[in-house]
Amino acid sequence: MVYSEKVIDHFANPRNVGEIENADGIGEVGNSKCGDIMKMYIKVEDNTIADVKFKTFGCGAAIATSSMATELIKGKTIDDALQLTNKAVMEALDGLPPVKVHCSVLAEEAIKAAVSDYYKKQGVDPEVIVG
Amino acid sequence: MREIYADNSATTKLSPVVLEKMLPYLTEVYGNPSSIYRIGGKAREALDQARENIAKNLGAQRANEIYFTSGGSESDNWAIKGVAHAMKKKGKTHIITSKFEHHAVLHTCEALEKEGFEITYLDVYENGLVKPEDVAAAIREDTALVSVMYANNEIGTIQPIPEIGKICRERGVIFHTDAVQAAGYVRINVEEQHIDLLSMTAHKLHGPKGCGLLYVRRGVPIETLIHGGAQERGRRAGTENVAGVIGLDAALELALDGMEERNKRLSSLRDRLMDELLKIERSRVNGDRVHRLPNNVNMCFEGIEGESLLLRLDMNGISASSGSACTSGSLDPSHVLLAIGLPHEIAHGSMRLSFSEETTDEDIDVIAAVVPEVVQYLRNMSPLWEDIKKNERKGQ
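To start, this report covers the structure provided alongside it.

Conventions we followed
Residues numbered from 1 in each chain as written. Chains lettered and ligands numbered in written order. Predicted model: local features only at pLDDT ≥ 70, side-chain atom pairs only at ≥ 80, totals over all residues. Heavy atoms only, no water. Helix = DSSP H or I, 4+ residues; strand = E, 2+ residues; numbered from the N terminus. Rg over C-alpha atoms; globule rule 2.2 N^0.38 Å. Buried < 20%, exposed > 50% of the residue type's maximum accessible area, 1.4 Å probe, protein only. Contact = heavy atoms within 4.5 Å. Areas by Shrake-Rupley, 256 points an atom, 1.4 Å probe, with all protein chains shown as cover. Salt bridge = Lys/Arg side-chain N within 4 Å of Asp/Glu carboxyl O. Expected span 1.5 Å × (residues − 1). Buried area = accessible area lost by both parts, 1.4 Å probe. Axes fitted to C-alpha atoms, helices over the stretch in contact; angles between N-to-C directions. Parallel < 35°, antiparallel > 145°, perpendicular 65-115°, else oblique. Left-handed = near helix turned anticlockwise from the far one by under 90°. Patch = residues over 30% accessible without salt bridge, like charges linked within 9 Å, V, L, I, M, F, W, Y side chains within 5 Å. Nonpolar A, V, L, I, M, F, W, Y, C, P; charged D, E, K, R; others polar. Polar contact = N/O pair within 3.5 Å; in protein donor to acceptor, adjacent residues only side chain to side chain. Pairing = 2+ DSSP bridges. Phe/Tyr/Trp six-rings, centres within 6.5 Å; stacked < 30°, edge-to-face > 60°.

1. Points about the overall build of chain A
- Helix and strand counts for chain A stand at 6 helices and 3 strands.
- For chain A, the N- to C-terminal ordering of α and β elements is α-β-β-β-α-α-α-α-α.
- Over its C-alpha atoms chain A spans a radius of gyration of 14 Å, differing by no more than 12% from the 14 Å that the globule rule assigns to 131 residues.
- For chain A, the residues scored as buried account for 54% of the 131 residues in total.
- Once local pairs closer than 6 in sequence are excluded, the contacts in chain A between residues at least 24 apart make up 60%.
- On chain A, roughly 5,700 Å² of surface is accessible, and the fraction owed to carbon and sulfur atoms is 48%.

Shown next, in the form of structure tokens:
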């Protein structure tokens with residue numbers, strides 16, 4: 001199994017690692033039994049992802065997809081962030097080995113979970129918007 | 001950057017001494033040992049000599065009890081399927097093995113289960129050791145074979161093989177051991193230790209890949225696995241890997257030469273490193289510390305995942321391995337770590353280091369400095385570690 005240079009780069013130097021104090025939305029997906037947990041924090045201003053941070057327990061691909069996903073939604077509108085697919089994350093990383101595709105799915109789900117949490121805090125039912 | 005190879009249980013670097021002995025059989029003496037002309041005869045002679053010497057080094061009574069194969073997996077497959085199928089004709093269809101065998105044994109047993117054989121998988125307990133009394137208790141009238149590995153490939157625990165062998169001999173049950181990891185680190189004597197079949201491979205002891213052997217005690221019923229030509233006394237077809245066999249013999253000879261002293265030095269490096277790394281909070285050594293290969297360190301660090309740890313170690317010049325799901329290519333972490341009772345989330349954070357005679361004191365210093373840094377780095381970005389610490393605070 002070989003990772004692309006981009007995956008190795010995002011693993012070696014992950015972008016946006018950490019937490020956001022008083023985050024507007026926090027999403028956590030995965031579980032420790034399977035060996036992957038992603039926790040995503042977002043700060044929302046004017047319907048835009050003003051800041052995003054993550055913490056991940058998982059393999060190289062889990063860390064790299066978290067890092068890339070945060071880069072892809074930073075500064076984007078919430079609607080755009082919700083459009084982000086695991087496929088787009090994978091493409092941005094120049095691909096993932098087949099056994100690691102689920103990591104990119106987790107990254108997509110982490111963003112959706114954080115946005116759902118944001119809507120809940122706003123008193124909006126996220127079901128309708130996020131799905 | 002200093003490069004430290006610490007994955008010698010995966011494979012080893014070919015020894016220059018071994019290579020030198022092999023080279024003539026890759027160049028001048030290329031003849032087929034089955035051929036009648038001189039260049040074939042020379043190859044045959046070398047093959048016979050190697051067989052003779054290997055038999056002596058394993059404590060076998062006869063050279064013709066050594067059968068050369070392509071390596072450990074083939075030897076395990078042949079031993080288990082070969083004996084199982086031969087014994088089935090005598091109405092014996094029960095096999096005893098342990099929960100943490102190499103997949104070459106476990107998957108072979110699973111395949112036999114589908115054919116109708118019944119398999120008992122022995123517990124290995126928290127220390128990673130099979131209890132001989134469990135073997136005795138599991139033996140039945142219809143038991144065809146007991147197969148227990150000599151030393152575990154992940155956690156390095158050395159099994160009580162002479163005791164298990166004795167029990168099997170007394171009860172008249174055929175006993176196979178996979179000694180792929182033990183050979184060269186443990187004094188093996190198939191006669192004294194009552195071993196009926198033994199698998200071994202060259203590439204774990206600085207020999208070449210693709211060559212191994214199966215020791216089959218005279219009189220043990222075993223069916224052929226590889227059909228074809230009359231090589232290996234008609235029991236294992238295929239033109240002999242002459243250079244490989246020469247390499248296997250040379251590697252075993254080299255490993256046994258000065259083994260006790262090498263083991264002593266390696267054990268002290270191993271123990272020093274384990275003690276050093278145990279200072280990391282929420283870390284643990286997997287498997288018994290005493291009945292253990294001198295070159296094996298296997299530890300878990302809570303809150304992190306093994307593959308990330310390996311990648312970060314690699315960035316620091318250290319080659320290691322892990323039993324995490326991500327490195328095993330499945331969703332579950334290593335069956336060995338689960339067999340010794342580790343919960344999934346802890347088993348995911350495992351690291352195996354395996355040394356060789358080339359490993360130095362300085363290498364251990366570097367590893368002892370790098371691992372805690374990497375563990376800390378990964379824990380700082382781990383939500384699982386955050387939860388562990390939160391629960392700790394709650395508990396206080």
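2. Details of the overall build of chain B
- A count of helices and strands for chain B gives 15 helices and 12 strands.
- In terms of overall dimensions, chain B is globule-like: its C-alpha atoms have a radius of gyration of 22 Å, near the 21 Å expected for 396 residues.
- Principal-axis analysis of the C-alpha atoms gives chain B an extent of 75 × 50 × 35 Å.
- Counting all 396 residues of chain B, 60% fall into the buried class.

3. Side note on the pattern of salt bridges
- Counted according to the given criterion, the structure contains 37 salt bridges over all chains.
- Linking R44(B) and D48(B) is a salt bridge whose minimum nitrogen-to-oxygen distance equals 3.7 Å. Of this pair, R44(B) and D48(B) both sit in helix α2 (residues 38-57), 4 residues apart, which is roughly one turn of that helix.
- For the salt bridge of D271(B) with R270(B), the shortest nitrogen-to-oxygen distance reads 3.0 Å.
- Sharing partners across several salt bridges, the network here consists of E19(A), E28(A), K39(A), K55(A), E386(B) and K390(B).

4. Here's the deal with α2(B)
Residues and elements named next belong to chain B.
- Between its terminal C-alpha atoms α2 stretches 28 Å, which fits the 28 Å expected from 20 residues at 1.5 Å a residue.
- Elements that come into contact with the buried residues of α2 comprise β2 (66-69), β8 (212-216), α7 (231-234) and α8 (242-256).
- Backbone geometry just downstream of α2 places G59 in the positive-phi region, at approximately 75°.

5. Considerations on the interface of chain B and chain A
- Each partner contributes residues to the interface: chain B has 24 residues there, and chain A has 27 residues.
- Buried area between chain B and chain A, both sides added, is near 1,900 Å², and the carbon and sulfur share of it is 63%.
- If you look at where chain B meets chain A, you find 3 salt bridges.
- Of the charged contacts, one joins E307(B) and K100(A) as a salt bridge, the two residues approaching to 2.8 Å between their closest N and O atoms.

6. Focus: the packing of α2(B) against α8(B)
All names here are of chain B.
- Contact pair α2 / α8: the axes reach a minimum separation of 9 Å and the direction vectors enclose 30°. Here α2 is positioned roughly parallel relative to α8, judged by the angle of their axes. For the element pair α2 and α8, the recorded crossing hand is left-handed. Where α2 approaches α8, its residues A43, A46, L47, A50, N53, I54 and N57 are matched on the opposing element by V242, V245, I246, L248, D249, L252, E253 and L256.

7. Some thoughts on a nonpolar patch on the surface
- A cluster of nonpolar residues, V124(A), V128(A) and I129(A), forms a patch on the protein surface that exposes about 260 Å² of accessible area.
- You can see I129(A) is positioned in helix α6 (residues 126-130).

8. Digging into the packing of helix α10 (residues 306-315) of chain B against helix α14 (residues 361-380) of chain B
Residue and element names in this part refer to chain B.
- Contact geometry for α10 and α14: axes closest at 10 Å, N-to-C directions at 130°. The orientation of α10 with respect to α14, classified from their angle, is oblique. Note on packing geometry: the crossing formed by α10 with α14 is right-handed. Contacts between α10 and α14 involve S308, L309, R312 and L313 from the former and V370, V371, V374, V375, Y377 and L378 from the latter.
- The class makeup of the residues in the contact of α10 with α14 is 8 nonpolar, 1 polar and 1 charged.

9. Digging into the environment of Q231(B)
All names here are of chain B.
- Assignment of secondary structure puts Q231 in helix α7.
- With relative accessibility at 12%, the residue Q231 sits in the buried group.
- Expressed as a C-alpha distance, the spacing of Q231 and H94, which sit 137 residues apart in the sequence, is 30 Å.
- Setting aside anything within four residues of it in sequence, one finds Q231 in contact with S34, R236, A237, G238, T239 and E240.
- Among the polar contacts made by the side chain of Q231, one reaches the main-chain amide nitrogen of G238 at a distance of 3.1 Å.

10. Focus on the sheet that holds strand β3 (residues 48-57) of chain A
Residues and elements named next belong to chain A.
- Strand order in this open sheet of 3 strands is β1-β2-β3, and the pairing throughout is antiparallel. Here the strands that pair on one side only, and so sit at the sheet edges, are β1 (25-31) and β3. Taking the axes of each pair of neighbouring strands and ignoring which way they run, one obtains an average angle of 15° across the sheet.
- Strand direction decides the pairing type here: strand β2 (residues 36-45) and β3, joined by 9 bridges, are antiparallel. Bridge pairing in β3 links M40 to F54.

11. Comments concerning the packing of aromatic side chains
- Applying the stated rule across the entire model yields 2 aromatic pairs over all chains.
- Ring geometry for Y118(A) versus Y119(A): centroids 5.5 Å apart, planes at 50°, classification tilted.
- Residue Y119(A) is classed as buried on the basis of its relative accessible area of 10%.
- For the pair Y67(B) and W78(B), a centre-to-centre distance of 5.5 Å together with 85° between the ring planes defines the contact as edge-to-face. Pair noted here: Y67(B) is in strand β2 and W78(B) is in helix α3 (residues 72-88), with a separation of 11 residues, a long-range link. Here Y67(B) and W78(B) have matching classes, each one buried.

12. Details of unusual backbone geometry
- Phi is positive for N16(A), which is not a glycine, with a value near 60°.
- In this fold, N16(A) is placed in the loop between α1 (5-12) and β1.
- The exposure class assigned to N16(A) is buried, which follows from its relative accessible area of 12%.
- With a phi angle near 50°, R282(B) is a residue other than glycine that sits in the positive phi range.
- Here R282(B) lies in the loop between α9 (259-277) and β9 (283-285).

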